[in-house]
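Fold and contact review
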There are 2 protein chains.
Amino acid sequence: MAGHGIPRSHPRYWSLVLRERLVEAWRQGIVVPEGLIAHGRGECFDYLIGEETQWFAREAVRAAAAALLLAEHPVISVNGNAAALAAEGLVRLADLLGAPLEVNLFYRTEERARRIGELLRRHGARRVLGVDDATARIPGLPHPRGMVSPEGILRADVVLVALEDGDRTEALRRMGKTVIAIDLNPLSRTARMADITIVDNIVRAVPLLAETVQELKEKPREELENVLRGYDNDRVLAGALRFIKERLEKLAEEGIAMDPRRQ
Amino acid sequence: MAGHGIPRSHPRYWSLVLRERLVEAWRQGIVVPEGLIAHGRGECFDYLIGEETQWFAREAVRAAAAALLLAEHPVISVNGNAAALAAEGLVRLADLLGAPLEVNLFYRTEERARRIGELLRRHGARRVLGVDDATARIPGLPHPRGMVSPEGILRADVVLVALEDGDRTEALRRMGKTVIAIDLNPLSRTARMADITIVDNIVRAVPLLAETVQELKEKPREELENVLRGYDNDRVLAGALRFIKERLEKLAEEGIAMDPRRQ
């Protein structure tokens, strides 16, 4: 399946493996064609951040873990791409937090919601909302992309979204929710609207977030509150942009050096 | 069809129209899922160059027009994404040059090659190679992605490729061909390997290239040779990177100013 035929020595090995995983999930009716295009945009930004978790993502992950542990009703929103790329880690995260997973789709069909729910349950998910019970509505969003579970996103105080649309992030913020976003584009509306923005690939961010939740789980409430108070999302986003600019400079130099016409 | 339901006032109108066009072409068997992902990467870089034709693309287009007019056997290579996004302009360009179009696919199936050939003919293409006659082989590329027409790419002196894979661009260069590439990523292997790299969206670059060929068509040979002699692809690529860096800085400033939490 994933990675089949791609040598591990290939410089873009992981990128190619993820691409195959997405195409496979599309064949299974979990990912929509628009999700494949969105993944391509993500690939571009992942390349620009060096395809590694950088300091700005680590800071955001720590704050996100604290916010999720302090939440009364945290909910983990899952769309097709997130399920295809990070189902296992999302289930583990939900388990550690005792939080529900909620299938929440921009291009919602009942069939696709059902398939994603099944995928999450196959990975051991205990509580999956948004499959049969997406009966409530986020104000300001058209049907069906505004439909959520009354037990999940509707009543949540903290929502983790990954690879999310800007309109939806904005609507969640208007409802007064704390939004944690995993988004590779530090300039996207979601990245700028969220309270905590993890600028990293979901396949790296989710396992790190689960690990950090595990680590902070037994800490006193004040310590978690201190982590949150010390966190500055604007600084993190500015840091991500600065990193990309510096990397572009570096790549430009290497690029010319690597040019075979120059040798 | 394309653009349906998207208001023209939407800030990303054209980007969304193109995305719909790609998904539609995928439904018609012209574009592969991997092509959708590749399009997403392109969207990201288009966003970074401001979704407009910049000076570095204009310079490259002028050199490309001169190279194509000076060529003895120019060939215009067409893959699924290029056909979906720019069939009309590619046909016009081929007509102006009296050059063949060649269907040349990374993920080649005979069915898809046939569909793309039909699409080009519906747009008025006179000569389409690579559908029934992809019997020759580019040395160093595995079957079927190395198959080309003996009347087309195999004997061409100048090949225009769009949205092309790095391995294939490299193989064409090894065969001694002049390669003109349309590629939104100034850091891609194709962009760095090509003789002339047009860093622009194919939907803008191809009509501009056709227009420029028309304009230079009656010029004396020496004038075209002068255009080529004065062209420096490294300067153009460095310019594209510099532009992206400066735009990131600008977007970062605007982004923070636009942040609703700041108002």
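Chain A has the name 4-phosphopantoate--beta-alanine ligase in an unreviewed UniProt entry, where Pyrodictium abyssi is given as its organism. UniProt annotates chain A under Sequence similarities (unreviewed entry) with the comment "Belongs to the archaeal phosphopantothenate synthetase family." Under the heading Catalytic activity (unreviewed entry), UniProt records this for chain A: "(R)-4-phosphopantoate + beta-alanine + ATP = (R)-4'-phosphopantothenate + AMP + diphosphate + H(+)".

1. Some points on the overall build of chain A
A tally of helices and strands in chain A yields ten helices and eight strands. Along the first, second and third principal axes, the C-alpha atoms of chain A reach 65 × 45 × 35 Å. Scored against the burial criterion, the 263 residues of chain A give a buried share of 58%. For chain A, the proportion of contacts with a sequence separation of at least 24, taken over those separated by at least 6, is 64%. Accessible surface, chain A as shown: approximately 11,200 Å² in total, 48% of it carbon and sulfur. Charge centroids of chain A, computed over 38 positive and 39 negative side chains, lie 2 Å from each other.

2. So, the side chain of A:Thr190
Residue and element names in this part refer to chain A. Following the sequence through the fold, Thr190 ends up in helix 7 (residues 189–193). When its relative accessible area of 1% is taken as the criterion, Thr190 is described as buried. At 3.3 Å, the side chain of Thr190 forms a polar contact with the backbone oxygen of Asp165. Among the polar contacts made by the side chain of Thr190, one reaches the main-chain amide nitrogen of Gly166 at a distance of 3.4 Å. Here Thr190 is in contact with Glu164, Asp165, Gly166, Thr169, Ala181 and Asp183, once residues within four sequence places are set aside.

3. As for the pattern of salt bridges
Residue and element names in this part refer to chain A. In the structure shown here, the tally under the stated rule is 37 salt bridges over all chains. Residue Arg62 is joined to Glu215 by a salt bridge in which the shortest nitrogen-to-oxygen separation is 3.2 Å. Residue Arg62 is located in helix 3 (residues 55–70), and its partner Glu215 is located in helix 8 (residues 202–216); the two are separated by 153 residues in the primary sequence. By relative accessible area, which is 32% here, Arg62 ends up partly exposed. For Glu215, a relative accessible area of 45% gives the class partly exposed. Its salt-bridge partner being Asp200, residue Arg204 comes within 2.7 Å of it at the nearest N-O pair. By relative accessible area, which is 1% here, Asp200 ends up buried. Where salt bridges share partners, they join Glu111, Arg114, Arg115 and Glu118 into one cluster.

4. Looking at the interface of chain B and chain A
In this assembly, 38 residues from chain B lie in contact with 38 residues from chain A. Interface of chain B and chain A: buried area, both sides summed, is about 3,600 Å²; carbon and sulfur atoms make up 68% of it. Here chain B and chain A share three salt bridges between them. In this structure, A:Glu43 and B:Arg41 form a salt bridge, with 2.6 Å as the shortest nitrogen-oxygen distance. At the boundary of chain B and chain A, one finds four residue pairs in polar contact (both at pLDDT 80 or more). Secondary structure elements with two or more residues in the side of chain B that touches chain A: helix 1 (13–27), helix 2 (33–48), helix 7 (189–193) and helix 10 (233–258) of chain B. Ranked by the residues each element gives to the side of chain B that touches chain A, the list is headed by helix 2 of chain B, at twelve residues.

5. Details of the sheet that holds strand 6 (residues 158–162) of chain B
Residues and elements named next belong to chain B. Spatial ordering of the open sheet is given by 3-2-1-6-7-8, a layout of six strands whose pairing is parallel. Either end of the sheet is taken by a strand with one partner, and the two such strands are strand 3 (128–129) and strand 8 (196–198). By the bridge criterion, three bridges tie strand 1 (residues 74–78) to strand 6 in an arrangement that is parallel. Within strand 6, the residue paired with Val75 across the bridge is Val159. Seen against the sheet, helix 3 (residues 55–70) touches strand 1, strand 6, strand 7 (178–182) and strand 8 and runs at an angle of roughly 130 degrees to strand 8.

6. Some details on helix 8 of chain A
Residues and elements named next belong to chain A. Here helix 8 spans 20 Å end to end across 15 residues, near enough to the 21 Å set by a 1.5 Å rise per residue. Among the residues of helix 8, those classed as buried are Ile202, Ala205, Val206, Leu208, Leu209, Ala210, Thr212, Val213 and Leu216. Looking at the packing, one finds that the buried side of helix 8 touches helix 3, helix 4 (80–97), strand 6 (158–162), strand 7 (178–182), strand 8 (196–198) and helix 9 (221–229). The opening residue of helix 8, the one whose side-chain oxygen lies 3.1 Å from the backbone nitrogen of Val203, is Asn201.

7. Considerations on the UniProt feature "binding site: ATP" (unreviewed entry) in chain A
All names here are of chain A. UniProt feature "binding site: ATP" (unreviewed entry): in the numbering of this structure it lies at Arg19, Arg41, Asp183, Leu184, Asn185, Arg189, Thr190, Asn201 and Ile202. Spanning 184 residues, the annotated positions stay apart in the fold, the maximum distance between their C-alpha atoms being 24.3 Å. Topologically, Arg189 is positioned in helix 7. On the basis of relative accessibility, which here comes to 34%, the residue Arg189 falls in the partly exposed class. The residues touching Arg189, leaving out its near neighbours within four places in the chain, are Gly166, Asp167 and Glu170. Engagement of the side chain of Arg189 in a polar contact is seen with the side chain of Glu170, the distance being 2.6 Å. Mapping Ile202 onto the fold places it in helix 8.

8. What to know about the relation of the copies chain B and chain A
For the pair chain B and chain A, the best superposition has an RMSD of 0.0 Å and corresponds to a rotation of 180 degrees with a translation of 0.0 Å parallel to the axis. Such a combination of turn and shift is consistent with a two-fold rotation axis. The fraction of interface residues of chain B whose copies in chain A are also interface residues reaches 100%, indicating that both copies meet through the same surface.

Rules behind the numbers
- Residues numbered from 1 in each chain as written.
- Chains lettered and ligands numbered in written order.
- Predicted model: local features only at pLDDT ≥ 70, side-chain atom pairs only at ≥ 80, totals over all residues.
- Heavy atoms only, no water.
- UniProt positions renumbered as here; feature names shortened; annotations may be inferred.
- Helix = DSSP H or I, 4+ residues; strand = E, 2+ residues; numbered from the N terminus.
- Buried < 20%, exposed > 50% of the residue type's maximum accessible area, 1.4 Å probe, protein only.
- Contact = heavy atoms within 4.5 Å.
- Areas by Shrake-Rupley, 256 points an atom, 1.4 Å probe, with all protein chains shown as cover.
- Lys, Arg positive; Asp, Glu negative; His and termini not counted.
- Charge placed at Lys NZ, Arg CZ, Asp CG, Glu CD.
- Polar contact = N/O pair within 3.5 Å; in protein donor to acceptor, adjacent residues only side chain to side chain.
- Salt bridge = Lys/Arg side-chain N within 4 Å of Asp/Glu carboxyl O.
- Buried area = accessible area lost by both parts, 1.4 Å probe.
- Pairing = 2+ DSSP bridges.
- Axes fitted to C-alpha atoms, helices over the stretch in contact; angles between N-to-C directions.
- Expected span 1.5 Å × (residues − 1).
- Least-squares fit on C-alpha atoms with pLDDT ≥ 70 in both.

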